[in-house]
Amino acid sequence: MAESLPLPVPLVRPAVLDDGPALTELDRSTWSTLHAVQPRPQPPYAPFFDDRHLPQDILVADAVNPAGATVIAGYIRVVPPTPLSCNAHVRQIQGLAVAAWARGRGTGRTLIRAACGTARRQGANRITLRVLGHNAPARALYESEGFTVEGVLPGEFFLGGRYVDDVLMGRPLGP
Ligand SMILES: CC(C)(COP(=O)(O)OP(=O)(O)OC[C@H]1O[C@@H](n2cnc3c(N)ncnc32)[C@H](O)[C@@H]1OP(=O)(O)O)[C@@H](O)C(=O)NCCC(=O)NCCS
């Protein structure tokens with residue numbers, strides 16, 4: 001039997017403005033009511049980057065796709081939850097997506113670890129996020145990376161014909 005080679009670890013780097021079209025396409029292709037509260041994107045698609053969505057807040061993972069090209073396989077967006085100085089010790093994950101072809105091989109985990117490292121270097125001692133109650137893959141990933149449920153807004157969203165909880169998760173960022 002042929003031995004399977006280990007999958008290469010995705011390379012994580014800060015996003016640049018030129019990544020915008022690929023990230024728009026990633027958001028479009030991964031949209032689902034499992035994780036999105038915005039309506040399905042419709043053409044003409046809004047640019048990924050704008051006044052509130054800046055490359056400096058995004059890390060991307062590059063990986064080789066099934067066609068053999070090195071492309072963006074996933075991204076994570078981490079920002080201060082508010083502009084308040086009394087809240088400056090916290091970072092919040094406000095966007096995480098991995099292309100369908102790249103899932104299940106550690107890309108999401110690599111992005112979360114990189115984001116926690118960046119937040120730590122920025123001086124944050126806590127990182128939070130919001131995840132839909134029915135998003136089992138994402139919840140399993142966050143829990144396995146040390147996030148715990150810190151609150152639940154029951155039935156906060158009506159998606160796909162049913163009420164869905166908004167689950168607040170967080171974890172400390174040790175030194
Ligand atoms: C959630 C998501 C980012 C995971 O990305 P990924 O690259 O496939 O995740 P990884 O391969 O790093 O998996 C890490 C862990 O996540 C969990 N996980 C990932 N996919 C899972 C699935 N389909 N079912 C259950 N658990 C899953 C497992 O605990 C896994 O660890 P293991 O491989 O040791 O079992 C990806 O499925 C995705 O983009 N989903 C749509 C967008 C989304 O839900 N974003 C989060 C919004 S809050």
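Residues numbered from 1 in each chain as written. Predicted model: local features only at pLDDT ≥ 70, side-chain atom pairs only at ≥ 80, totals over all residues.

Chemist: Outline the overall build of the protein, listing residues and values.
Modeler: Helix and strand counts for the protein come out as three helices and seven strands. Helices and strands in the protein line up, N terminus first, as β-α-β-β-β-α-β-α-β-β. Taken against the 2.2 N^0.38 rule, which gives 16 Å for 175 residues, the C-alpha radius of gyration of the protein at 17 Å falls within 12% of a compact globule. A principal-axis box enclosing the C-alpha atoms of the protein has dimensions of 50 × 45 × 40 Å. For the protein, with 175 residues in total, the buried portion stands at 27%. (Helix = DSSP H or I, 4+ residues; strand = E, 2+ residues; numbered from the N terminus. Rg over C-alpha atoms; globule rule 2.2 N^0.38 Å. Buried ≥ 20, exposed ≤ 12 C-beta atoms within 10 Å, placed from the backbone.)

Chemist: Run through the site of the ligand, naming residues and quoting values.
Modeler: Near the ligand you find 21 residues, and of these His35, Arg103, Gly108, Pro137 and Leu141 are the closest. In terms of residue count, helix α3 (residues 136–144) provides more of the shell around the ligand than any other element does, six residues in total. (Near = placed C-beta within 6 Å.)

Chemist: How would you summarise unusual backbone geometry if you had to cite specific residues and measurements?
Modeler: Backbone torsion omega between Pro43 and Pro44 reads 0 degrees, so that peptide bond is classified as cis. Position of Pro44 relative to the elements: it lies in the loop between α1 (20–30) and β2 (58–64).

Geometric descriptors of this kind do not, in isolation, establish any biological role.
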